[in-house]
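Okay, here's what each chain looks like letter by letter:
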Amino acid sequence: MEKKRVLSGMRPTGKTHLGHLHGILENWRDLQDQYECFYFAADWHALTSEYKNTAVIKESLIEMIIDWLSVGLDPQRSTLFVQSWVKEHAELHLLLSMITPLGWLERNPTYKEQQEELTDKDIGTYGFLGYPVLQAADILMYKGNYVPVGKDQLPHLEITREIARRFNYLYREVFPPPDALLTQVPNLGGTDGRKMSKSYDNAIYLSDSQDVLTSKIEQMVTDPQRGYRKDPGDPDVCGLFPYHRIYTEPEVVGNIIKECRQAAIGCRDCKKILIQKVVEYLGPIQEKREYYLSHMGEVEEIIREGTERAREVARNTMREAREAMRL
Ligand code: SF4
């Protein structure tokens with residue numbers, strides 16, 4: 001039986017952090033067992049917010065793919081490629097933009113949210129408004145059956161589905177509307193308790209050395225009500241506790257909950273346990289990173305082969321799309 005196809009991308013706009021690792025990459029890795037996966041570095045998408053600082057895109061691109069490989073994405077099972085190396089994405093984006101009503105884009109909640117959030121960037125551009133159309137082109141190009149998304153990204157995927165249906169209605173059935181593969185995203189905050197983000201300077205990176213990891217975890221915000229060691233704490237409001245849920249064995253986590261509530265463990269000791277667990281967890285990933293960083297030729301070959309495979313599919317889809325539109 002043919003495997004269903006999954007498609008997803010990630011923007012190369014900086015280093016990979018633990019939010020990416022547990023929220024996206026480990027999920028991508030597990031999906032490989034069940035689906036035919038296409039994963040791409042979305043460098044054209046990165047341009048929508050980084051058009052003034054394009055250097056960051058090039059700097060992060062290869063390292064981001066090295067992180068994917070280090071986490072366990074397998075180029076034998078998944079097609080790993082770079083969006084801008086498959087120029088067909090730009091053509092399909094253009095064709096789909098002709099049939100996408102402006103209202104769909106203006107109503108997109110992410111458009112408004114991001115304009116409010118990214119106050120240090122001028123994103124009142126045509127490219128940023130049309131971002132969901134480019135995303136639709138990326139997905140529909142490979143006739144992806146599923147797209148892994150968190151709940152908050154569902155409206156985005158709905159635009160892709162609408163665009164597919166509109167194309168099929170206007171011309172002929174070419175693009176199956178993809179379904180969402182809802183993923184659980186762990187709620188990992190940054191070291192200051194806010195959302196983990198490079199722009200807040202509060203992220204813990206996959207590439208952080210043991211010393212850096214230790215110092216970042218030592219500084220992490222815990223339960224803000226717990227002023228003194230003798231005060232009982234509450235893991236439910238502690239910024240560090242969700243990390244234990246990922247890295248620490250369940251029996252130990254159970255003890256931490258009990259002891260924290262009774263003030264039988266202090267935050268400093270609790271952090272020490274976490275530091276050890278995080279270092280153990282990231283060790284094998286960091287070893288692989290080192291390997292790929294010193295074998296760049298191998299990495300480039302993987303990306304070249306993946307892009308070739310992606311291009312083959314993209315060419316066939318574009319042929320169908322042009323024929324359907326009688327171009
Ligand atoms: S003991 Fe651990 S779980 Fe409790 S508040 Fe301190 S860091 Fe958080």
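Predicted model, so just to flag it, every value in this text is computed and none were measured.

S.K.: Tell me about the site of the ligand, and name the residues and values.
M.R.: Close to the ligand lie Thr222, Asp223, Arg226, Cys238, Leu240, Phe241, Cys260, Cys267 and Cys270. Grouping the amino acids of the shell around the ligand by side-chain chemistry returns 6 nonpolar, 1 polar and 2 charged.

S.K.: Outline a nonpolar patch on the surface, listing residues and values.
M.R.: A cluster of nonpolar residues, Tyr169, Leu170 and Tyr171, forms a patch on the protein surface that exposes about 340 Å² of accessible area. For Tyr169, the location among the structural elements is in helix α9 (residues 154-170).

S.K.: Summarise helix α13 (residues 267-293); cite the residues concerned and give the values.
M.R.: Given a rise of 1.5 Å per residue, 27 residues ought to cover 39 Å, and the 36 Å separating the end C-alpha atoms of α13 matches this to within 8%. Remark: the principal bend of α13, roughly 40 degrees, maps to Gly283, with a proline, Pro284, within the next four residues. Where α13 is concerned, the buried positions are Cys270, Lys271, Leu274, Ile275, Lys277, Val278, Leu282, Ile285, Arg289 and Tyr292. Buried residues belonging to α13 abut α1 (18-31), α3 (55-71), α10 (210-218), α11 (241-247), α12 (250-261) and α14 (296-324).

S.K.: Explain α12 to me, and be specific about the residues and the numbers.
M.R.: Between its first and last C-alpha atoms α12 spans 17 Å; for 12 residues at 1.5 Å apiece the expected length is 16 Å, and the two agree. Every buried residue of α12 is listed here: Val253, Ile256 and Cys260. All buried residues of α12 project into a common sector of 55 degrees when viewed along the axis, lining one side. Looking at the buried side of α12, the elements it contacts are α11 and α13. Phi turns positive, to about 60 degrees, at Ala263, one or two residues after α12.

S.K.: Which residues make up the side chain of Glu88, and what values go with them?
M.R.: Within the secondary structure, Glu88 is located in helix α4 (residues 88-99). If near-sequence neighbours (up to four positions away) are discounted, Glu88 is found in contact with Met141, Arg311, Ala314, Arg315 and Met318.

S.K.: Give a description of the packing of aromatic side chains that names residues and reports values.
M.R.: Counted by the stated rule, this structure contains 12 aromatic pairs. Between Tyr35 and Tyr146 the ring centres are 5.5 Å apart and the planes differ by 65 degrees, which places this aromatic pair in the edge-to-face class. Placement of the pair is Tyr35 in the loop between α1 and β2 (36-41) and Tyr146 in strand β4 (residues 146-149), with a sequence separation of 111 residues. Relative accessible area serves as the criterion here: at 11%, Tyr35 is assigned to the buried category. Relative to Tyr142, the ring of Phe81 has its centre 5.4 Å away and its plane inclined at 55 degrees; by these criteria the two rings are tilted. Taken as a pair, Phe81 in strand β3 (residues 78-82) and Tyr142 in the loop between α8 (131-141) and β4 lie far apart in primary sequence, 61 residues in all. Each of the two residues, Phe81 as well as Tyr142, counts as buried. Grouping aromatic residues by their ring pairs yields a cluster made of Phe38, Phe40, Phe81 and Tyr142. Here the basic side chain of Lys15 rests over the ring of Tyr205, its NZ or CZ set 4.6 Å away from the ring centre. One cation-aromatic arrangement involves Arg194 over Tyr200; the distance from NZ or CZ to the ring centre is 4.1 Å.

S.K.: I'd love a proper account of unusual backbone geometry, names of residues and values included.
M.R.: The phi angle at Ala263 is positive, at roughly 60 degrees, despite the residue not being glycine. Secondary-structure assignment places Ala263 in the loop between α12 and α13. The residue Arg326 is not glycine, and still its phi comes out positive at about 55 degrees. Within the secondary structure layout, Arg326 lies in the segment after α14.

Rules used throughout
Residues numbered from 1 in each chain as written. Predicted model: local features only at pLDDT ≥ 70, side-chain atom pairs only at ≥ 80, totals over all residues. Heavy atoms only, no water. Near = heavy atom within 4 Å. Nonpolar A, V, L, I, M, F, W, Y, C, P; charged D, E, K, R; others polar. Patch = residues over 30% accessible without salt bridge, like charges linked within 9 Å, V, L, I, M, F, W, Y side chains within 5 Å. Areas by Shrake-Rupley, 256 points an atom, 1.4 Å probe, with all protein chains shown as cover. Salt bridge = Lys/Arg side-chain N within 4 Å of Asp/Glu carboxyl O. Helix = DSSP H or I, 4+ residues; strand = E, 2+ residues; numbered from the N terminus. Expected span 1.5 Å × (residues − 1). Bend = angle between axes of the 7 residues up to and from the residue. Buried < 20%, exposed > 50% of the residue type's maximum accessible area, 1.4 Å probe, protein only. Contact = heavy atoms within 4.5 Å. Arc of directions from axis to C-beta. Phe/Tyr/Trp six-rings, centres within 6.5 Å; stacked < 30°, edge-to-face > 60°. Lys NZ or Arg CZ within 6 Å of the ring centre and 35° of its normal.

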